[in-house]
Amino acid sequence: MILKYRSFFRKHLINFLSTSAKPNAGIHILNGHFLSLKNDTPPEIFHKLLESLKGYGVKFIDFEEAAFKIKNREFPQNDCLVAFTWDDGFEECFSKIKPVLDYWDLKAGFFINPNFIDGDQNYKENFKKNVVLTDKNPMSWPMIQQLLEEGHTIGAHTLDHLSLKTDDLGFLKHQIEGSKKRIEEQLGVEVIHFAFPFGQLKYISEVAVEVACKTFPYVYSQDNYRHYFSFDGRIINRRHFECDWPLNHVLYFLKSKSL
Ligand SMILES: [Zn+2]
């Protein structure tokens, strides 16, 4: 009977400790796409998530600082450092997410598809309906220019957001090098960050990794989050999140140790 009570208390003590445990020391790049899939979610939801994470001891750092530290294997021993990126370049990154980042004085990374911005109405409708599966519109070049001028990072995400699970070198060069060239031509800065579309390692071929790493010093997935790197240290792994996710879902990732 006593033993039974003891194991009962032990089990509940472990549950209590795990919900109160601090996030693990490390650096995490959290990657999202929008504020929320719904269009009427207020930006405060992201602000509240940041406040709650801060309450758990999370420290926020600028994206470029996080990328540099990870690439140079400068992993913190005690702090849980978190930086943010967003893929696909949706308009609400500018109108809803940027104001929250401004409040927190935080610089993030935005990975964009040039043809989603440059394309005609038909292209954009097809992109939304069949590629990224949302009705959200892209940011304009002036919005992206402003993000850049305010210290955020603009990265490439291919021209058309197609799967790069192919060995077709011409296609890969067109999508990867082409997106770098178009963004640089428009913004007048060097683009050194690239994120694979769809993020998962199963959508990335070895040839695609070679082309991306030859073109960009910083290349990212959104997969394999328990490890800092994939493809023999050549790809930096980011962790998926969205601004309106429940706190516990985000904390779950931050509590797992990165290797
Ligand atoms: Zn994407």
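Here, every reference points to the structure presented above.
Residues numbered from 1 in each chain as written. Predicted model: local features only at pLDDT ≥ 70, side-chain atom pairs only at ≥ 80, totals over all residues. Heavy atoms only, no water.

### Describing the overall build of the protein chain
A tally of helices and strands in the protein chain yields 10 helices and 10 strands. For a compact globule of 259 residues, the expected C-alpha radius of gyration is about 18 Å, and the protein chain comes in at 20 Å, within 12% of that figure. Each principal axis of the C-alpha atoms in the protein chain carries an extent, and together these give about 70 × 40 × 30 Å. Put simply, the protein chain has 259 residues, and 49% of those count as buried. (Helix = DSSP H or I, 4+ residues; strand = E, 2+ residues; numbered from the N terminus. Rg over C-alpha atoms; globule rule 2.2 N^0.38 Å. Buried < 20%, exposed > 50% of the residue type's maximum accessible area, 1.4 Å probe, protein only.)

### With respect to the coordination of the zinc ion
Here the zinc ion is held by Asp88 (OD), His157 (NE2) and His161 (NE2), and the distances to it run 2.1 Å. Counting along the primary sequence, the residues that act as donors to the zinc ion give the motif D-x68-H-x3-H. In this pair, Asp88 sits in the loop between β3 (80-87) and α4 (91-103) while His161 sits in the loop between β5 (153-156) and α8 (169-187), placing the two residues 73 residues apart along the sequence. (Donors = N, O, S within 2.8 Å, 3.2 Å for Na, K, Ca; no water.)

### Regarding the packing of helix α7 (residues 141-149) against α8
Between α7 and α8, the least distance of the axes is 11 Å, while the angle of their chain directions is 80°. As the angle between them shows, α7 and α8 are arranged roughly perpendicular. Of the residues in α8, those in contact with Trp141, Ile144, Gln145 and Leu148 of α7 are Arg182, Ile183, Gln186 and Leu187. (Axes fitted to C-alpha atoms, helices over the stretch in contact; angles between N-to-C directions. Parallel < 35°, antiparallel > 145°, perpendicular 65-115°, else oblique. Contact = heavy atoms within 4.5 Å.)

### Examining the pairing of strand β7 (residues 218-221)
Within a regular strand, side chains alternate between the sheet's two faces. Judged by which residues are buried, β7 turns out to be covered on both faces: Tyr218 and Tyr220 on one side and Val219 and Ser221 on the other are all buried. Across three bridges, strand β6 (residues 193-195) lies against β7 in parallel orientation. Following the sheet pairing, Ala195 is matched in β7 by Tyr220. Handedness of the β-α-β unit built from β6, helix α9 (residues 206-215) and β7 comes out right-handed. Pairing analysis gives two bridges linking β7 to strand β9 (residues 235-237), with the strands arranged parallel. Residue pairing across strands places Tyr220 opposite Ile236, the latter belonging to β9. (Pairing = 2+ DSSP bridges. Right-handed = clockwise from strand over helix to strand, strands pointing away.)

### Some details on the packing of helix α2 (residues 44-55) against helix α10 (residues 247-255)
The contact between α2 and α10 brings their axes to 10 Å, and the two run at 45°. The angle between α2 and α10 places the two elements in the oblique class. For the element pair α2 and α10, the recorded crossing hand is right-handed. Contacts from Leu49, Ser52 and Leu53 of α2 reach α10 at Leu247, Val250, Leu251 and Leu254. Its residues assigned to classes, the contact of α2 with α10 comprises six nonpolar, one polar and no charged. (Left-handed = near helix turned anticlockwise from the far one by under 90°. Nonpolar A, V, L, I, M, F, W, Y, C, P; charged D, E, K, R; others polar.)

### What about the nonpolar core?
Residues Phe46, Phe84, Trp86 and Phe196 are the most contacted members of the largest nonpolar core, which totals 50 residues. Ranked by residue count, the leading element in this core is α4, at five residues. Not counting residues within four places of it along the chain, the set of residues in contact with Phe196 comprises His157, Leu164, Ile204, Ala208, Val209, Ala212, Val219, Tyr220 and Ile235. Ile27, Ala67, Phe111 and Ile236 belong to the second-largest nonpolar core, a separate cluster that totals 16 residues. (Core = buried A, V, L, I, M, F, W, Y, C linked by side-chain atoms within 4.5 Å.)

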